[in-house]
Amino acid sequence: MANIPGWYAAHEPKPTTTDELVAAQSLWTKWAYSYGIGPVGRTELEARAGGNPSWNTGIDYGRLFARSSQQDLARDAYAAAPGGDLDADLKRLAKAPRIRPDAKAVAYQYRHGIVRGTTPAPVVTLHSTGDGGAVTDQERWYADRIRRHGNSASLRQLWVDRGGHCSFSSADELVMLRTLLDRIDDGQWPSTTPTRLNASVSAMGPAYQKVLDLGTGADLPLDPAYTNFTPPRMLRPSR
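Treat the numbers as computed from the prediction; the structure is a model and nothing was measured.

Glancing now at the nonpolar core. Formed by 13 residues in total, the largest nonpolar core has its most connected members in Val-124, Leu-126, Leu-158, Met-176 and Tyr-226. Taken together, the elements giving at least two residues each to this core come down to strand S1 (123-130), strand S2 (155-163), helix H8 (170-186) and helix H9 (194-202). When residues in this core are grouped by element, the largest group, 4 residues, is from H8.

Time to look at helix H1 (residues 18-36). When the terminal C-alpha atoms of H1 are compared, their 25 Å separation across 19 residues agrees well with the 27 Å that a helix rising 1.5 Å per residue should span. Buried residues of H1: Leu-21, Ala-24, Gln-25, Trp-28 and Ala-32, and no others. Contacts from the buried residues of H1 go to helix H4 (71-80) and S1.

Glancing now at the sheet that holds S2. Spatial ordering of the open sheet is given by S1-S2-S5, a layout of 3 strands whose pairing is mixed. The open sheet terminates on both sides in strands that have one partner only, identified here as S1 and strand S5 (226-227). When S2 meets S5, the two strands line up antiparallel, connected through 2 bridges. Note that in S5 the partner of Val-160 across the bridge is Tyr-226.

Of the volumes computed, that of the largest pocket is approximately 1500 Å³. Mapped by element, the contributors of at least two residues to the lining of the largest pocket are H1, helix H2 (39-49), helix H3 (61-67), helix H6 (103-112) and helix H7 (137-149). In terms of residue count, the dominant contributor to the lining of the largest pocket is H1 (5 residues). Looking at the lining of the largest pocket residue by residue, the classes come out as 22 nonpolar, 9 polar and 3 charged. Each pocket or cavity is described by its volume, and for the second largest pocket that value is around 420 Å³. Around the second largest pocket, the lining is made up of 19 residues, and of these Met-1, Gln-25, Phe-65, Ala-74 and Tyr-78 lie nearest the centre. Elements supplying a minimum of two residues to the lining of the second largest pocket: H1, H4 and helix H5 (86-95). Its residues placed into classes, the lining of the second largest pocket shows 12 nonpolar, 6 polar and 1 charged.

Criteria and thresholds
- Residues numbered from 1 in each chain as written.
- Predicted model: local features only at pLDDT ≥ 70, side-chain atom pairs only at ≥ 80, totals over all residues.
- Heavy atoms only, no water.
- Core = buried A, V, L, I, M, F, W, Y, C linked by side-chain atoms within 4.5 Å.
- Buried < 20%, exposed > 50% of the residue type's maximum accessible area, 1.4 Å probe, protein only.
- Helix = DSSP H or I, 4+ residues; strand = E, 2+ residues; numbered from the N terminus.
- Expected span 1.5 Å × (residues − 1).
- Contact = heavy atoms within 4.5 Å.
- Pairing = 2+ DSSP bridges.
- 1 Å grid on protein atoms, 1.4 Å probe; cavity = no way out; pocket = protein on both sides within 12 Å on 5 of 7 lines; lining within 4 Å.
- Points joined across faces, edges and corners; volume = space filled by probe spheres on them.
- Nonpolar A, V, L, I, M, F, W, Y, C, P; charged D, E, K, R; others polar.

Here it is, written out as structure tokens:
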């Protein structure tokens, strides 16, 4: 339902089988959502916001599923599971209890946690294509906000083709930063094709090529992985 991709490990290639993809999604759900921003994070957020800022009133989960970038994987998984019944589970979700938000907490979130999308200065973003903790949909939503409220020419969005959260090498980050500084210095964007970006990454020494996998804590060198990528649309955007 959150377009969580099936690619959890930064140091491993993207899974290809249904079992592997679903297992990776389950790891994201466990570590990023149940633990990472689960009960402890939720308690802190509600204390800060003055109540519950989330809701599912008026949400049609069947319609969300029909728009999900992961629906084909879900269908494959249900087809492979003995006794799996996707339609029955969607009906259960439709009948599930509805949770209403606290208006004060919603206002707090909109005031402090939702960007407007103005661009008084150039902006570069960098994201892993397989990130399931901060799904890539967020970048597409952010670009839409800038098109509405800022200047799209002030934004460049860069992608590395890896699993994991923020699976960047020092070289990836330095190339991204150099892209921003060149835009500031020259008044125009340099080429941001994957070929050029990866060549710049390769030109740096081995010590700059290490990528941290947050799941294992290992820090290993990886090949440059800048790529072209179009993220899916966010299923429930905040605005």
